[in-house]
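Residue-level structural notes
Letter by letter, the chains look like this.
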There are 2 protein chains.
Amino acid sequence: MDVDKKDSIASDSSEQVVNPWEVAAKDGGKIDYDKLIDQFGCQRLDDSLIDRVQRLTSRQPHVFLRRGVFFAHRDFNEVLDAYERGDKFYLYTGRGPSSEALHLGHLIPFMFTKYLQEAFKVPLVIQLTDDEKCMWKNLSVEESQRLARENAKDIIACGFDVTKTFIFSDFDYVGGAFYKNMVKVAKCVTLNKAMGIFGFSGEDHIGKLSFPPVQACLSVPAVPSFPSSFPHLFPGKDKLRCLIPCAIDQDPYFRMTRDVAPRLGYSKPALIESSFFPALQASLHAFKLLSILFILFSQGENGKMSASDPNSAIYVTDTAKEIKNKINRYAFSGGQDSIEKHREIGANLEVDIPVKYLSFFLDDDTELEHIKKEYGEGRMLTGEVKKRLTEVLTEMVERHRMARAAVTDEMVDAFMAVRPLPSMFE
Amino acid sequence: MDVDKKDSIASDSSEQVVNPWEVAAKDGGKIDYDKLIDQFGCQRLDDSLIDRVQRLTSRQPHVFLRRGVFFAHRDFNEVLDAYERGDKFYLYTGRGPSSEALHLGHLIPFMFTKYLQEAFKVPLVIQLTDDEKCMWKNLSVEESQRLARENAKDIIACGFDVTKTFIFSDFDYVGGAFYKNMVKVAKCVTLNKAMGIFGFSGEDHIGKLSFPPVQACLSVPAVPSFPSSFPHLFPGKDKLRCLIPCAIDQDPYFRMTRDVAPRLGYSKPALIESSFFPALQASLHAFKLLSILFILFSQGENGKMSASDPNSAIYVTDTAKEIKNKINRYAFSGGQDSIEKHREIGANLEVDIPVKYLSFFLDDDTELEHIKKEYGEGRMLTGEVKKRLTEVLTEMVERHRMARAAVTDEMVDAFMAVRPLPSMFE
């Protein structure tokens, strides 16, 4: 139960900054994920681990595993060891409901979590941090709660099993056992610890630590990692392990949580961490806008997709026409400037956004490999790849829209009811 | 609904320091309460206001009013204006349950609040900040909750009316409407504001602001001042005024609360504030121990009575023998060194603790005046006054002990049940 050696090492590289508030690559270039694994002290999710998932779940691993979208972890192997011995775990993921419409990047953790829930047949808690968004953003309590419920509909539309899933909003659920764990966690977090973990320095403006939000941000996301926060779900199972699928920028939060866990007598939560989903214009930004402003407010593959520029992302509310238009106009292409040149040297797949998006959302491995080969060798043109991507995303968004339309208020109430989960450990 | 001009002025005098964490008089002398009223910007509770209380309640004002124990207020006159027009208010007081046994000083706000509840026939909420004590003191969640329940028994023993009183512990009750108000308050409190109100300076060690406790301390005591925090008690009565009886060292908390209230659409809570109850050795300290240590860890009349030195206070758990012994051995006397001198010049009532204690707890005005005259003019000796005080306190403590012994767990449950109060606005 010792604290991981690397758990308390912050990303203090002067070259790239990744934490829950800031993602900035060196000189506006790409995030170096290998380096990030070293900086953070987490582990690479290698092929042997993916093979093991396949063996244990008797199904093909999710595209996001096969293609390295989820590429890093902490103690995932231990969770699998326990699972192999017959011990279940539970999943925890969440969302800060700051906007009405989700974009495709927002869906990624939920799509992956749904797969994990199905494959491992384990319970899942989903936290909507409406309290945090109310504090940080200029949102009223009521508006934050409304957004939480709207976001819950999008989450439910991803296909979660209501008999294994508890969705809660902090404003609804904080109290009782959960509040007690909040106080316990807060007691363990000193200012110095927080500064170390989040990479703040003594030079930082004290406003960064402006205390009420920081405290909430620190303890609130930690608490669902501990099964005793859910006495209606996990009575007497205080040692149950928790697995958290998240983007790697959330790692600092959970390093703090993992540090605190043994001091409170809980198991450290395990993590399975994804890279960032690139913005449509990603490579455009990465190559052309090397300004300081860009580094500060970075988005794209050098950073996270931003919800603030509607043309940087495909939203689950976009129409087929909007999707087509965005892909054709904004998706950065790795194709060559002229057809002749393209036929000759082929597309640069490293920077091509349509291919990247297809590698997230095109299920068929064979077709993806075919496209990459043909496009990379110049036989396929950007327009053709964009057309295929438009089909894939239109179909996906349309499917999501129909699923979401079928989500009733009663279903939201059912997912959010504080209740035991009948088939929790089937 | 403007913010009081003086609301944001902290006690920044270099001469005396009074805030919830520190009470230190100038050079170990007495607290200058007149000066404190000026420093804090509150109002003196004058005779005309006390007469008005008598008229409105048709009963003699409480000893603590008649004798100036509660000596300052904020907007108490407005609460009385409203009451005269037929508008009720509610009372809010509380306790941080950090120790098992209460001393007499702890009982003062509860004795006074019971009088206010009876006299004005108004509902009352009593907060037990077990969360705050868990954070600040080295107490587990479970121990803090146990102490909260033990303290609730002492509070109930003061004679509160269960049909008008809701006692709650933060660990039990935080959540829902209460948690929403916590977040709303926290959003309004900037670091600078907190520093100004509590008299911190940029030079203070950052540990003073060590963020989780500060945030809890700031927002948790504020929240019960707003009726919407109790939807089961005050549904649809968001403008109901709140009156808070407290010791004047709590004023900075509620200055912050009063500052925030109008921004959240609530009425400012009114305050009625007491001086400190002196320690037995009060004047001994004040005159003989002028060390820096004394100023830092002050107790006695120059400060608050301390719970850490068992001989500085009479506890509600003390036996008759212990009470007699403490009074005889430790209660600082204003009598003269020799009987001859005493007969000649009389006792110094200004520093005499037995007389001070009698002025808190001896109901009979005539007898008190008689004692002060006889003792002050040397006809009565210290031993006689101490004997009378011993009788008064022994009887009072015995009465409390019997009342407390009659408090069952079922009664605690009844007071702490989240329920409407039937006779709330009779």
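Looking up chain A in an unreviewed UniProt entry gives the name tryptophan--tRNA ligase, with the organism given as Brassica rapa subsp. trilocularis. On record in UniProt, under Sequence similarities (unreviewed entry), the comment for chain A is "Belongs to the class-I aminoacyl-tRNA synthetase family."

If you tally the helices and strands in chain A, you get 20 helices and nine strands. Taken across its 426 residues, chain A has 59% of its residues classed as buried. Considering only intrachain contacts with a sequence separation of at least 6, the fraction spanning at least 24 residues in chain A is 79%. For chain A, the accessible surface area stands at approximately 17,100 Å², while carbon and sulfur atoms represent 52% of it.

What follows is about the packing of aromatic side chains. Residue and element names in this part refer to chain A. Inspection of every chain in the model, using the stated rule, returns 60 aromatic pairs over all chains. Where F89 meets F120, the ring centres are 5.4 Å apart and the plane angle is 65°; that geometry is what we call edge-to-face. With F89 in strand β5 (residues 89-95) and F120 in helix α5 (residues 104-120), this pair connects stretches of sequence that are 31 residues apart. Each member of the pair, F89 as well as F120, carries the same accessibility label: buried.

Residues and elements named next belong to chain B. Here we have seven strands laid out as an open sheet, ordered β3-β4-β9-β8-β5-β6-β7, and mixed in their pairing. Two strands lie at the open edges of the sheet, namely β3 (43-44) and β7 (165-169), each paired on one side alone. Bridge analysis of strand β6 (residues 124-128) against β7 gives five bridges, and the strand direction is parallel. From the neighbouring strand, Q127 faces β7, where its bridge partner is F168.

Turning to the sheet that holds β5 of chain A, a few remarks are in order. All names here are of chain A. Pairing is mixed across the open sheet formed by seven strands, whose spatial order is β3-β4-β9-β8-β5-β6-β7. Strands with a single pairing partner mark the edges of an open sheet, and in this sheet they are β3 (43-44) and β7 (165-169). Where β5 and strand β8 (residues 241-247) come together, three bridges link them in parallel fashion. Paired with F89 across the strands is R241, a residue of β8.

The subject of this paragraph is the confidence of the model for chain A. Low pLDDT marks stretches whose predicted atomic positions should not be read closely. Residues and elements named next belong to chain A. Here chain A shows a mean pLDDT of 84. Residues at 70 or above account for 80%. No element of chain A has a lower mean pLDDT than helix α14 (residues 292-296), which averages 27, and none a higher one than helix α20 (residues 409-416), which averages 98. Note on residues 1-13: pLDDT is under 50 here. Beyond four places in sequence and across chains, it has 32 contacts. Note on residues 203-216: pLDDT is under 50 here. Beyond four places in sequence and across chains, it has 31 contacts.

To describe two helices that pack against each other, one gives the angle between their axes and the distance between the axes. Residues and elements named next belong to chain B. Where helix α15 (residues 320-330) contacts helix α19 (residues 382-405), the two axes come as close as 9 Å, and the packing angle between them is 145°. Both α15 and α19 take part in a crossing whose hand is right-handed. From α15, A320, I323, K324, I327 and N328 reach across to α19, where they touch K386, L389, T390, L393, T394 and V397. The class makeup of the residues in the contact of α15 with α19 is six nonpolar, three polar and two charged.

Looking now at the nonpolar core. Membership of the largest hydrophobic core comes to 76 residues, with the highest contact counts inside it found for V125, Y179 and F230 of chain A together with V125, Y179 and F230 of chain B. When residues no more than four places from it in sequence are discounted, the contact partners of F230 of chain B are Y90, V125, F166, F168, Y173, F178 and P224 of chain B. Among the nonpolar cores identified, the runner-up in size contains 72 residues, and F64, I156, F160 and Y357 of chain B belong to it.

What follows is about helix α17 (residues 353-361) of chain B. Burial analysis of α17 of chain B places nine of its nine residues in the buried class, which makes it a mostly covered element. If you check the start of α17 of chain B, you find a side-chain oxygen 2.9 Å away from the backbone N of V355 of chain B, and it comes from D352 of chain B.

This part is about the side chain of S229 of chain B. Residues and elements named next belong to chain B. Here S229 shows up in the loop between α11 (211-219) and β8 (241-247). Relative accessible area serves as the criterion here: at 0%, S229 is assigned to the buried category. Reaching out from S229, the side chain makes a polar contact with the side chain of N181 at a distance of 2.8 Å. One polar contact links the side chain of S229 to the main-chain carbonyl oxygen of V223, over a distance of 2.8 Å. Ignoring any residue separated from it by four or fewer positions in sequence, one finds S229 in contact with Y173, A177, F178, N181 and V223.

Compared with the 18 Å implied by 1.5 Å per residue over 13 residues, the 19 Å span of helix α9 (residues 176-188) of chain A between its first and last C-alpha is a close match. Here α9 of chain A has its buried residues at F178, Y179, K180, N181, M182, V183, V185, A186 and C188 of chain A.

Two cysteines whose sulfur atoms are joined by a covalent bond form what is called a disulfide. Residue and element names in this part refer to chain A. Tallied over the full model, the rule gives zero disulfides over all chains. Unpaired in terms of disulfides, C42 finds its nearest cysteine sulfur in C246, a separation of 9.5 Å. Counting only cysteine sulfurs, C246 is the nearest neighbor of C242, a cysteine outside any disulfide, at a range of 10 Å. On the basis of relative accessible area, C242 is assigned to the buried category, the value being 1%.

With that settled, consider the side chain of E273 of chain A. Residues and elements named next belong to chain A. Its location among the elements puts E273 in strand β9 (residues 270-274). No salt bridge forms around the buried E273; measuring N to O, its nearest opposite-charge neighbour R74 is 4.7 Å away. In contact with E273, not counting residues within four places along its chain, are C42, V69, F70, F71, A72, H73, C246, I248 and D251.

Bringing the environment of L421 of chain B into the picture now. Residues and elements named next belong to chain B. Here L421 shows up in the segment after α20 (409-416). Exposure remark for L421: the relative accessible area of 5% places this residue in the buried category. Spatially, the C-alpha atoms of L421 and F166 are 8.0 Å apart, while their sequence positions differ by 255 residues.

This part covers the environment of E410 of chain B. All names here are of chain B. Following the sequence through the fold, E410 ends up in helix α20. Residue classification places E410 among the exposed residues on the basis of a relative accessible area of 57%. As a C-alpha pair, E410 and V392 span 18 residues in sequence and 31 Å in three-dimensional space.

Oppositely charged side chains may form a pair once their charged atoms are brought near each other. Going through the model one piece at a time under the given rule, you end up with 64 salt bridges over all chains. Here R388 of chain A and E391 of chain A are joined by a salt bridge, their closest N and O atoms 2.8 Å apart. Here E391 of chain A and R388 of chain A lie together in helix α19 (residues 382-405), a separation of three residues that amounts to about one turn. Given the relative accessible area of 23%, R388 of chain A is considered partly exposed. Under the relative-accessibility criterion, E391 of chain A is labelled partly exposed at 38%. A salt bridge links R258 of chain B to D75 of chain B; the nearest nitrogen and oxygen atoms lie 3.0 Å apart.

Reading the values: rules and limits
- Residues numbered from 1 in each chain as written.
- Chains lettered and ligands numbered in written order.
- Predicted model: local features only at pLDDT ≥ 70, side-chain atom pairs only at ≥ 80, totals over all residues.
- Heavy atoms only, no water.
- UniProt positions renumbered as here; feature names shortened; annotations may be inferred.
- Helix = DSSP H or I, 4+ residues; strand = E, 2+ residues; numbered from the N terminus.
- Buried < 20%, exposed > 50% of the residue type's maximum accessible area, 1.4 Å probe, protein only.
- Contact = heavy atoms within 4.5 Å.
- Areas by Shrake-Rupley, 256 points an atom, 1.4 Å probe, with all protein chains shown as cover.
- Phe/Tyr/Trp six-rings, centres within 6.5 Å; stacked < 30°, edge-to-face > 60°.
- Pairing = 2+ DSSP bridges.
- pLDDT = per-residue confidence, 0-100.
- Axes fitted to C-alpha atoms, helices over the stretch in contact; angles between N-to-C directions.
- Left-handed = near helix turned anticlockwise from the far one by under 90°.
- Nonpolar A, V, L, I, M, F, W, Y, C, P; charged D, E, K, R; others polar.
- Core = buried A, V, L, I, M, F, W, Y, C linked by side-chain atoms within 4.5 Å.
- Polar contact = N/O pair within 3.5 Å; in protein donor to acceptor, adjacent residues only side chain to side chain.
- Expected span 1.5 Å × (residues − 1).
- Disulfide = S-S within 2.5 Å.
- Lys, Arg positive; Asp, Glu negative; His and termini not counted.
- Salt bridge = Lys/Arg side-chain N within 4 Å of Asp/Glu carboxyl O.

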